[in-house]
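So you can see what is in the structure, the chains are spelled out below.
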Number of protein chains: 2
Amino acid sequence: MKRDSRLSGVLHVLLHMADADGPVTSEALAGMMQTNPVVIRRILGGLRKQGLVQSEKGHGGGWRLACDLDQVTLYDIHVALGAPDVLALGHRTESPGCLVEQAVNAAMSDAFSEAEALLLDRFRTITLAALSRDFRLRRKSGERECDNRK
Amino acid sequence: MKRDSRLSGVLHVLLHMADADGPVTSEALAGMMQTNPVVIRRILGGLRKQGLVQSEKGHGGGWRLACDLDQVTLYDIHVALGAPDVLALGHRTESPGCLVEQAVNAAMSDAFSEAEALLLDRFRTITLAALSRDFRLRRKSGERECDNRK
DNA sequence: ATTTCATGTAATAAATTGAGTTACATGAAA
DNA sequence: TTTCATGTAACTCAATTTATTACATGAAAT
């Protein structure tokens with residue numbers, strides 16, 4: 001089963017936007033993400049409806065953040081993406097007539113919801129600001145350790 | 001993202017086998033699961049290698065359990081199925097060069113592994129015997145409440 | 001023996017789905 | 001009025017899972 005990396009991808013894009021001065025075009029973002037500009041627009045279009053980003057057309061246009069990095073958590077982004085399934089495992093039938101399957105579902109349901117709740121709780125504790133700080137930290141120490149051009 | 005219901009399906013099949021007297025054919029099991037006999041054989045063939053079930057060919061053949069219901073947990077079955085991904089969410093790139101993406105991955109990794117560990121721990125606490133007991137309980141009360149043929 | 005039934009397995013088809021692409025409309029700035 | 005950028009629909013592509021077909025193997029019944 002292939003994992004859904006949209007959340008990971010969106011965070012990548014948002015942090016690049018946070019690091020930029022002006023608006024960033026979907027073409028530039030697509031370059032960083034090694035994907036297609038239309039894909040970027042589709043994803044960010046969804047986030048715009050939640051007020052997380054805004055876009056401008058024409059010359060000098062592009063995308064910029066429209067939210068407070070300190071106030072937005074991974075959970076908010078997850079929800080803005082439509083709150084897709086967090087777990088890869090699921091029930092074969094949601095409301096089975098078979099009593100065997102009812103027993104199976106009942107036993108697994110608790111485990112599922114506990115794990116999902118834990119993950120989403122963790123997401124709620126991580127703000128975009130924290131990610132951005134971590135990124136800048138990595139960039140700084142990366143310069144010290146690896147960049148010997150100057 | 002579609003959820004992987006193989007574990008759910010296998011449990012269904014195993015409990016029906018536990019409830020049967022003799023061996024059960026893959027055709028009968030396929031009927032219960034509304035799928036194809038070959039699919040059943042493929043799945044159970046994997047479990048046979050782990051010693052969880054055994055099969056017999058020819059007349060009167062079919063599948064039967066080859067394990068102690070008290071000793072086998074959902075976790076064992078999960079592993080026997082190849083321990084597929086538990087989470088639907090994942091990293092866009094596993095070892096990214098981009099520092100932004102490194103920061104994103106680092107932040108999400110902990111949440112991921114905690115949620116996965118929790119789910120698998122819960123699976124370790126549920127035995128096939130417990131599921132089977134629950135099933136028989138449901139059947140009994142179902143007879144009392146709904147079955148007025150006798 | 002040979003017929004019947006059931007598993008074992010390879011190969012293929014069909015269905016699903018996310019991602020990528022093309023094409024064109026809309027709108028803003030140069 | 002030209003250029004640049006988003007907005008969106010429609011379509012193609014690629015990967016994965018599941019279902020199906022076909023046939024070989026082996027065991028029991030007759």
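Our subject is the structure that appears above.
What you see is a predicted model, and the numbers here were worked out from it, not measured in a lab. The residue numbering used here restarts from 1 in each chain and proceeds along that chain's sequence as written. Chain A is the first chain written and ligand 1 is the first ligand written, with later ones labelled in order. At least 70 in pLDDT is required for a residue's local features to be given in this predicted model, at least 80 for side-chain atom pairs to be given and counted, and no such filter applies to totals for whole chains, interfaces and linings, which use all residues. To obtain the side-chain values, all non-hydrogen atoms of the structure were included, while hydrogens and water were left out.

A. Representation of the relation of the copies chain B and chain A. Least squares is used to superpose the copies, and the fit set is the C-alpha atoms of residues whose pLDDT is at least 70 in both copies. The transform that puts chain B on chain A rotates by 180° and translates by 0.0 Å along the axis, for an RMSD of 0.2 Å. Overall, the copies show the geometry of a two-fold rotation axis. Looking at chain B, 100% of its interface residues are interface residues in chain A too, so the copies touch through the same face. The contact criterion used is simple: two residues touch if any of their non-hydrogen atoms lie within 4.5 Å.

B. How the structure looks around the pattern of salt bridges. For salt bridges, the criterion is a side-chain nitrogen of Lys or Arg within 4 Å of an Asp or Glu carboxyl oxygen. What the rule picks out here adds up to 17 salt bridges over all chains. A salt bridge links B:Glu116 to A:Arg3; the shortest N-O distance between them is 3.9 Å. Of this pair, B:Glu116 sits in helix α5 (residues 99-124) while A:Arg3 is found in the segment before α1 (6-19), placing the two residues in two different chains. Relative accessible area serves as the criterion here: at 25%, B:Glu116 is assigned to the partly exposed category. A:Glu114 is the salt-bridge partner of B:Arg122, the closest N and O atoms lying 2.7 Å from each other. A residue pair is termed interchain when its members come from two chains, as with B:Arg122 in helix α5 and A:Glu114 in helix α5 (residues 99-124). A single network of salt bridges, built from pairs that share partners, joins A:Arg3, B:Asp85 and B:Glu116. By the criteria applied, helices consist of DSSP H or I runs no shorter than four residues and strands consist of E runs no shorter than two, each listed in order from the N terminus. Each residue is assigned to one of three classes by its accessible area relative to the maximum for its type, calculated with a 1.4 Å probe on protein chains only: buried under 20%, partly exposed between the two thresholds, exposed over 50%.

C. Representation of the protein's contact with DNA strand C in the model. Taken together, 24 residues sit near DNA strand C, with A:Thr35, A:Gly58, B:Ser26, B:Arg41 and B:Arg48 positioned nearest. Sugar plus phosphate: this is where 62% of the atoms of DNA strand C within 4 Å of the protein reside. Within the backbone of A:Gly58, one N or O atom sits 3.0 Å away from a base nitrogen of DNA strand C. Here a base nitrogen of DNA strand C sits 3.4 Å away from a polar atom, N or O, in the side chain of B:Arg41. Sorting the residues of the surface near DNA strand C by element identifies α3 (37-49) of chain A together with α3 (37-49), β1 (53-56) and β2 (62-65) of chain B as the ones contributing at least two each. Top contributing element to the surface near DNA strand C by residue count: α3(B), with four residues. Classifying every residue of the surface near DNA strand C gives six nonpolar, 10 polar and eight charged. Any residue with a heavy atom lying within 4 Å of a molecule or strand is counted as near it. Any pair of N or O atoms that falls within 3.5 Å is considered a polar contact. Within protein, one atom must be able to donate a hydrogen and the other to accept it, and sequence-neighbouring residues count only if both atoms are side-chain atoms. Think of it as three bins: nonpolar holds Ala, Val, Leu, Ile, Met, Phe, Trp, Tyr, Cys and Pro, charged holds Asp, Glu, Lys and Arg, and polar takes everything else, Gly as well.

D. Region of interest: the side chain of A:Asp4. Within the secondary structure layout, A:Asp4 lies in the segment before α1. A:Asp4 sits in the buried class, given a relative accessible area of 7%.

E. Spatial organisation of the interface of chain B and chain A. The interface is formed by 50 residues belonging to chain B together with 50 residues belonging to chain A. Buried area: the accessible area, evaluated with a 1.4 Å probe, that two parts lose upon being put together, summed over both parts. Summing both partners gives a buried area of about 4,900 Å² for chain B against chain A, and 67% of it is carried by carbon and sulfur. The three residues of chain B that bury the most area against chain A are B:Arg3, B:Leu89 and B:Arg92, which together make up 16% of that side's buried surface. Here chain B and chain A share six salt bridges between them. Here B:Arg3 and A:Asp85 are joined by a salt bridge, their closest N and O atoms 3.1 Å apart. At the surface where chain B touches chain A, the tally comes to 19 residue pairs in polar contact (both at pLDDT 80 or more). Contributions of two or more residues to the side of chain B that touches chain A are made by α1 (6-19), α2 (26-33), α4 (74-80), α5 and α6 (128-146) of chain B. No other element matches α5(B), which puts 19 residues into the side of chain B that touches chain A.

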